[in-house]
Amino acid sequence: MLEEFGRDLTTLAAMGALEPLIGRAQEIKRLIEILTLEGKSNPVLIGPPGVGKTCIVEGLAQYIAAGNVPDKLKGKRIFQIDFAAITSGTIYRGMLEERIEKVINELVESQNTILFIDELHLLTHTYSTGHFDLANYLKPYLARGDFPVIGATTEAEFKRDLEERDPALARRFIKVKVGEPPRDELKLLLSRLGKRFGARYHIVVPEYTIDQIIALADQYIKDRYFPDKAIDLMKEAMAEKRFGEERDRSRRDLTLLEPIIGREIGCIERGDFAALEAALAAWDDEKKQFFDTALTVEDVASLISRRTGAVVGDKQLDEVTSRLRKLTEAFQTNIIGQTRTKEAILGAFKMLGAGIRKPNKPIGSFLFLGPSGTGKTETAKTIATAFFGEERRLIRFDMSEFYDDHTMARLVGSPPGYIGSDEDGLLVKLMNQNPFSVVLFDEIEKADPKLFDIFLQMLDEGYVKDMKGNTASFKDALIIITSNVGTHNYAGLDQAEFEKKFDAIQAKVLEELKRSVRPEIINRIEHIIPFAPFTKEELRAVFRKLAAESARRIFEQKGIQYTVSAAAVDLAVEIGYDPQFGARPMRREVQKLEELIAEAVLDRLIAARDKVIVEVQDRKYVLKKVYE
């Protein structure tokens, strides 16, 4: 009955069908100690997904098969049960209970079987139907020690589904913590798997490449665990390299085969079979260099770069130069004015490209000061799109949402014992998903002062820890913090006056900012930049840009083309110019144009394929059709 619903790991180990276990001596020793206890002898392996919990159980099966266990465990077999197979086809009431009872009776009678249940937490809900509760059915057997059970699950699932939902079941098990393997064991594992995968893909993985796979996976893949993430990275890089070279390889292989086949045919024609055998043996020795390719660090770096958007590998200089060119063009198009800000940001990325960076620091940290509408958020969006590849690389936090202890818990997680303590903090979670990104903290002065400790870690050490101990790296992120504090010191000044008094304004703003933000935070920020007010000419450029975006959208939606005359631009700037409000009034003026077009569409004055121009009459916007 057991063989029908699972697999015998000890038999597979004796046949050599299981991957040899590397390391994990302490975990194996702990399992053996628990399994040899009298009475309750049920270990449960607890650790993050991907650290190799199932492999440890398979390793124990290999120990048993080799006889390297105490006498009490010799002759035992480890059987991994498949509950999906047991439940499948049980369409009538009683069928599932009958199968389970037969399996349990066989386990009790055999006296030499250790049951292995992967994803142990599923016992408490997946198989608890309205008429049969498997967890409660197993408890008496576990308490008496009729047969040992090895479980495997994660810390969070064990706590949620066993300790909280069914503490009686949790008490039947003894925890064995499983973490990520040491680096030397990980390297040995990857080396062995590299040879096995390499035979399939005809690719050799050098030792130096394995070291870099570990380093790159550790730096850029933060939401998974070793060894799983390193193995997947290596396999994906090998498959991609093999697929990419398949066409060229086939052409090259055919060319190489011609002289080899010619020699062999010549030996056959001469009847020189000894020479033929020698030629075949030589081909066996030489074919590896013809067909096998080495997996390089650049192959792995290119894969990481495409997956995360990060700048990785030997082509870093060329890649950053290309992205800087795109960012410069985007700044010219999207960000009007603010020359000082653009130069500081481009300087930070130039240091990244040249490889001249402070260790364990973000790419750059900026404090943008200025009133609403001067382009602080738009600058962050432009950087995310042009340099980091897409706007979703912008992680934005409105700091006014984190004003006390309870709301702050959303960002860094709740302390142990509080509601939500089993959930990851939002900051760490989002950063691990997108380690190469722009992180925008909007209006920092509105946050709870306790939150500033996070910035000390982030700006000084390049990482942040949440309440669960999870860590997020900010070494490949650009940090932008914004604030409106002190803007009254230059409210109403035009750009010429602002530039003339810049040093005095910056000093006053910083002095006022220190009353809201701790000085040690300010001292760790690399660039503190007050955003300059717009000139009238810059506002004209802003209005033209917004009007062009509006015209493009209306053409896509309604097929109507509209343009704006110079007089309309002058009127918009005249109405909307106010150094205190930046570019926001220009958006309102563009909205007036859209409302004018909407009114004309409803009155059936214009329709699809019409062309109109916005003119000025009696200091009001008017639409005029353009006839060709």
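Residues numbered from 1 in each chain as written. Predicted model: local features only at pLDDT ≥ 70, side-chain atom pairs only at ≥ 80, totals over all residues. Heavy atoms only, no water.

Colleague: Tell me about the overall build of the chain, and please be specific about residues and values.
Modeller: Looking only at helices and strands, the chain has 25 helices and 18 strands in total. Counting all 628 residues of the chain, 46% fall into the buried class. Taking contacts inside the chain between residues at least 6 apart in sequence as the whole, the part at least 24 apart equals 77%. Counting every atom, the chain has about 31300 Å² of accessible surface; 50% of that belongs to carbon and sulfur. (Helix = DSSP H or I, 4+ residues; strand = E, 2+ residues; numbered from the N terminus. Buried < 20%, exposed > 50% of the residue type's maximum accessible area, 1.4 Å probe, protein only. Contact = heavy atoms within 4.5 Å. Areas by Shrake-Rupley, 256 points an atom, 1.4 Å probe, with all protein chains shown as cover.)

Colleague: I'd love a proper account of the nonpolar core, names of residues and values included.
Modeller: Residues Leu-190, Leu-327, Phe-349, Ile-383, Phe-387 and Phe-388 are the most contacted members of the largest nonpolar core, which totals 60 residues. In terms of domain composition, this core takes at least three residues from each of domain 2 (183-300) and domain 3 (315-530). Not counting residues within four places of it along the chain, the set of residues in contact with Leu-327 comprises Ile-345, Leu-346, Phe-349, Thr-382, Ile-383, Ala-386 and Phe-387. Counting 40 residues, the second-largest nonpolar core is a separate cluster that includes Met-399, Val-439, Phe-441 and Val-485. (Core = buried A, V, L, I, M, F, W, Y, C linked by side-chain atoms within 4.5 Å. Domains from an automatic or database assignment.)

Colleague: Give me the sheet that holds strand E16 (residues 561-564): which residues, what numbers.
Modeller: Strand order in this open sheet of three strands is E16-E17-E18, and the pairing throughout is mixed. Edge positions in the open sheet fall to E16 and strand E18 (620-625), since each of these has one partner strand only. Averaged over neighbouring strand pairs, the angle between their axes works out to 30° when direction is ignored. Bridge count for strand E17 (residues 611-617) against E18 is six bridges, and the pairing is antiparallel. (Pairing = 2+ DSSP bridges. Axes fitted to C-alpha atoms, helices over the stretch in contact; angles between N-to-C directions.)

Colleague: Describe the pattern of salt bridges, listing the residues and the values that go with them.
Modeller: Inspection of every chain in the model, using the stated rule, returns 37 salt bridges. The closest approach of N and O atoms between Glu-27 and Arg-24, which form a salt bridge, is 3.2 Å. Both residues of the pair, Glu-27 and Arg-24, belong to the buried class. Its salt-bridge partner being Glu-549, residue Lys-545 comes within 3.0 Å of it at the nearest N-O pair. (Salt bridge = Lys/Arg side-chain N within 4 Å of Asp/Glu carboxyl O.)

Colleague: Give me the lowdown on the packing of helix H10 (residues 207-220) against helix H13 (residues 297-308), citing residues and values where you can.
Modeller: Two quantities define a packed helix pair, namely the angle between the helix axes and the distance between the axes. Contact geometry of H10 with H13 gives a least axis separation of 9 Å together with a crossing angle of 15°. Classified by the angle their axes make, H10 and H13 are roughly parallel. Regarding H10 and H13, the two cross each other, and that crossing is right-handed. Residue-level inspection shows Tyr-208, Thr-209, Gln-212, Ile-213, Leu-216 and Tyr-220 of H10 in contact with H13, the latter providing Val-297, Val-300, Ala-301, Ile-304 and Thr-308. Across the contact of H10 with H13, the residue classes break down as eight nonpolar, three polar and no charged. (Parallel < 35°, antiparallel > 145°, perpendicular 65-115°, else oblique. Left-handed = near helix turned anticlockwise from the far one by under 90°. Nonpolar A, V, L, I, M, F, W, Y, C, P; charged D, E, K, R; others polar.)

Colleague: Quick rundown of the pairing of strand E14 (residues 478-483)? Include the residues and the values.
Modeller: Strand residues, when the strand is regular, have side chains that alternate between the two faces of the sheet. Of all six residues that make up E14, six are buried, and the element is covered over most of its length. Where burial is concerned, the two faces of E14 agree: the one with Leu-478, Ile-480 and Thr-482 and the one with Ile-479, Ile-481 and Ser-483 are both buried. Judged from the six bridges that link them, strand E9 (residues 364-369) and E14 form a sheet pairing that is parallel. Paired with Leu-367 across the two strands is Ile-481, which belongs to E14. Here strand E11 (residues 438-442) pairs with E14 via four bridges, running parallel.

Colleague: Explain the side chain of Ser-483 to me, using residue names and the numbers behind them.
Modeller: In this fold, Ser-483 is placed in strand E14. At 2.8 Å, the side chain of Ser-483 and the side chain of Glu-445 are in polar contact. Beyond its immediate sequence surroundings of up to four residues, Ser-483 is in contact with Leu-367, Phe-368, Leu-369, Gly-370, Lys-376, Glu-443, Ile-444, Glu-445 and Leu-513. (Polar contact = N/O pair within 3.5 Å; in protein donor to acceptor, adjacent residues only side chain to side chain.)

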